[in-house]
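What follows is each chain in one-letter form.
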Amino acid sequence: MDPGARCVGAAGVGAEGVGAEGVGAEGVGAEGVGAEGVGAAGSTRRGFVAGAAAVGGAAALGVGVGAPPAAATPTAPRAKPSVAVLGGGVAGLTAAHELAERGFAVTVYERRALGGKARSMDVPDSAKGNRKPLPGEHGFRFIPGIYHNLPDTMRRIPFPGNAHGVWDNLVAPREMSFARTGREDLRMPIPWPGSDPERLTLDDIRRALGALLDTAFNLPAHEAAYFVNRALVFLTSCDERREDDWESTPWWEFTRAERMSKDYQRILVIGVTRNIVATKAEEASTRTVGTLGEAFVLNALGQGADGPPDRILNAPTNEAWIDPWVTHLTSLGVEFRIGWTVRELGFDSGRVTKTVVEDPDGARRDITADHYVQAMPVEHARRTWSAAMKAADPQLARCDELQTDWMTGIQFYLTERPPVVRGHFNLIDSPWSLTGIAQAAHWPERDFPADYGDGVAVDCLSVDISEWDKPGILYGKTAKQCTRDEVAKEVWAQLKAALNDTGRTVLSDGKLHSWFLDPGVSGLGTPNPTNEDQLLIHPVGTFHNRPSAATKIPNLFLAGDYVSVDIDLATMEGANAAARQAVNALLKQAGSDQKPCTVTPLYRVPEIEVLKRHDRTRYRLGLPNALDLG
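Bear in mind the structure is a predicted one, so any value in this text is a computation, not a measurement.

Undergrad: What exactly am I supposed to notice about the overall build of the chain here?
TA: A count of helical and extended segments in the chain gives 17 helices and 24 strands. Scored against the burial criterion, the 630 residues of the chain give a buried share of 52%. As displayed, the chain offers around 27,300 Å² of accessible surface, 56% of which is attributable to carbon and sulfur atoms.

Undergrad: Could you clarify how one ought to interpret a nonpolar patch on the surface in this entry?
TA: Taken together, the side chains of Val228, Leu232 and Leu627 present a nonpolar region at the surface, about 230 Å² in accessible area. Within the secondary structure, Leu627 is located in the segment after helix H17 (606-620). The partly exposed category is assigned to Leu627, whose relative accessible area is 36%.

Undergrad: Got a minute to help me understand the side chain of His538 in this structure?
TA: Along the chain, His538 falls in the loop between strand S23 (535-536) and strand S24 (556-558). A residue is classified by how much of its surface remains accessible, and His538, at 0% relative accessible area, is buried. At 3.2 Å, the side chain of His538 and the backbone nitrogen of Ala570 are in polar contact. In contact with His538, not counting residues within four places along its chain, are Thr279, Glu283, Ala284, Ser285, Thr288, Arg546, Asp568, Leu569 and Ala570.

Undergrad: Got a minute to help me understand the nonpolar core in this structure?
TA: It is characteristic of soluble globular proteins that their nonpolar side chains tend to be buried jointly. Counting residues in hydrophobic clusters, the biggest one holds 83 residues, and the most contacted among them are Leu99, Trp321, Val373, Trp385 and Tyr562. It is helix H16 (residues 572-590) that contributes the most residues to this core, 10 residues altogether. If we ignore the near neighbours within four places in the chain, the residues touching Tyr562 are Met376, Pro377, Val378, Ala381, Trp385, Cys399, Leu402, Leu536, Arg546 and Pro547. Ranked by size, the runner-up nonpolar core spans 30 residues in total, among them Ala179, Val463, Leu495 and Leu507.

Cut-offs and rules
- Residues numbered from 1 in each chain as written.
- Predicted model: local features only at pLDDT ≥ 70, side-chain atom pairs only at ≥ 80, totals over all residues.
- Heavy atoms only, no water.
- Helix = DSSP H or I, 4+ residues; strand = E, 2+ residues; numbered from the N terminus.
- Buried < 20%, exposed > 50% of the residue type's maximum accessible area, 1.4 Å probe, protein only.
- Areas by Shrake-Rupley, 256 points an atom, 1.4 Å probe, with all protein chains shown as cover.
- Patch = residues over 30% accessible without salt bridge, like charges linked within 9 Å, V, L, I, M, F, W, Y side chains within 5 Å.
- Salt bridge = Lys/Arg side-chain N within 4 Å of Asp/Glu carboxyl O.
- Polar contact = N/O pair within 3.5 Å; in protein donor to acceptor, adjacent residues only side chain to side chain.
- Contact = heavy atoms within 4.5 Å.
- Core = buried A, V, L, I, M, F, W, Y, C linked by side-chain atoms within 4.5 Å.

Now the structure itself:
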């Protein structure tokens, strides 16, 4: 029985045909008779005894009482309001979590696997003996200290032995690096109170100093000073200037990158953009890049942070987070329907009347519920909205203007742990804009060769490919033009070009065990490559096309990383915050007395807010920011 949604259609009326309104666990039971009594008049046990005494006394006095009155008809408790959550990624699971805690009957419909793009997955046919399959993923997880809403949810997901739930499974890498091709890599520690700095050898120190001096001498002093000025201009810009001027200005233009040196472009403009927002500097909104850059700087300075600037999970994502989450939600009564694909939303008289889905057998079904939280990626969600729905709420129509691009992960399994930086590395000179991390060193409770695969692979080098439309160095083709095998060989070649270029061999062909490319990508090397898991990007103007969680359709709410939230970036934090906003809108619409979800905005420095107020006055007078040198 499904208390969260009612199903009528190809399946007819059966196990799912009678739900919250039916008779069963929700009918007469623990809640049917007890402290709440029976009947509209509140016939408690005490009332029953008093009534019996009155009738007995009347009979003794010879007063005719006639036939005994008909027994009062028991009134079943009111059914929980039902919510269909469409999508089981971070946004959908967050919405289900918040709603279930507030007494709603929730059913989650997910087309593929719970966790969405955040999940880890098994590499097929990779397990030997009693080991688990090798862990694969859409891309490595990154949970910086600027996130507040997602960590709050993680603290509320129980995990055996952890005082703070899944949140305690976060670990902080000690360092990061910009890996240069043909030049010494720029290696940077990530200091944080209580953190253990990475141990350095004399050779490490020699290389670090060499990289710093190389960067210092190749980056002209006036360019570095200019970049600092641009950062201060943004930092002191009021919200109105950010939402108008800087939202319409590409980051490339704002930083005057066209006039600057190659090092300025690669490190300060392109490198920063790829690291922070995973989008192209030439197109990215200055508002988006600047907002996140500001947050990361404040995080590094310990201002308003939930934790260190860089955190990852201490095990594959499903083991450390998603599976415990699903277990907890199940204990709260959430129902899950996996393999159910949303095709369209029925719409009539200004409301969503049903959701048309395909079940795992390909049969079409009509799902009905009191409320609908659509927690699907925008490129999938907007296919389900009719012209009538877009007319009823123009913000749905504006979602057609939102753009997505490819950012997809590939994992290389190695027979030796590579001597790479203990944290994330950014190959800022690589044609395909690669970023990566060697994971096994960050999974202290896992013995990689004993726990995964065939016992030969000892580490997983997880790499994100952010650029799919520029030629590589091996085949001269874009990633989309390459076959899957060619993509793996090209990425491996670019990794070696950046990591093996300064006198030591970090990666060698003989140590490569196998690789795994996200299965959401298909058709590579053909005229029509597809990617089921694209990423919302942030070219200029995107901010004004992002919808709110509440829609003008009273029983439809949007939850996803494309929804307008304070962080203004397609992230797990954005998905979590959007889901919280969707739940709050639903509570308001339903007239619920349940406490709203907390939605924590990005931290604002009080001292800087004073400067922003001054800039607001200048903006309204048509004047530039006081620090803007042009």
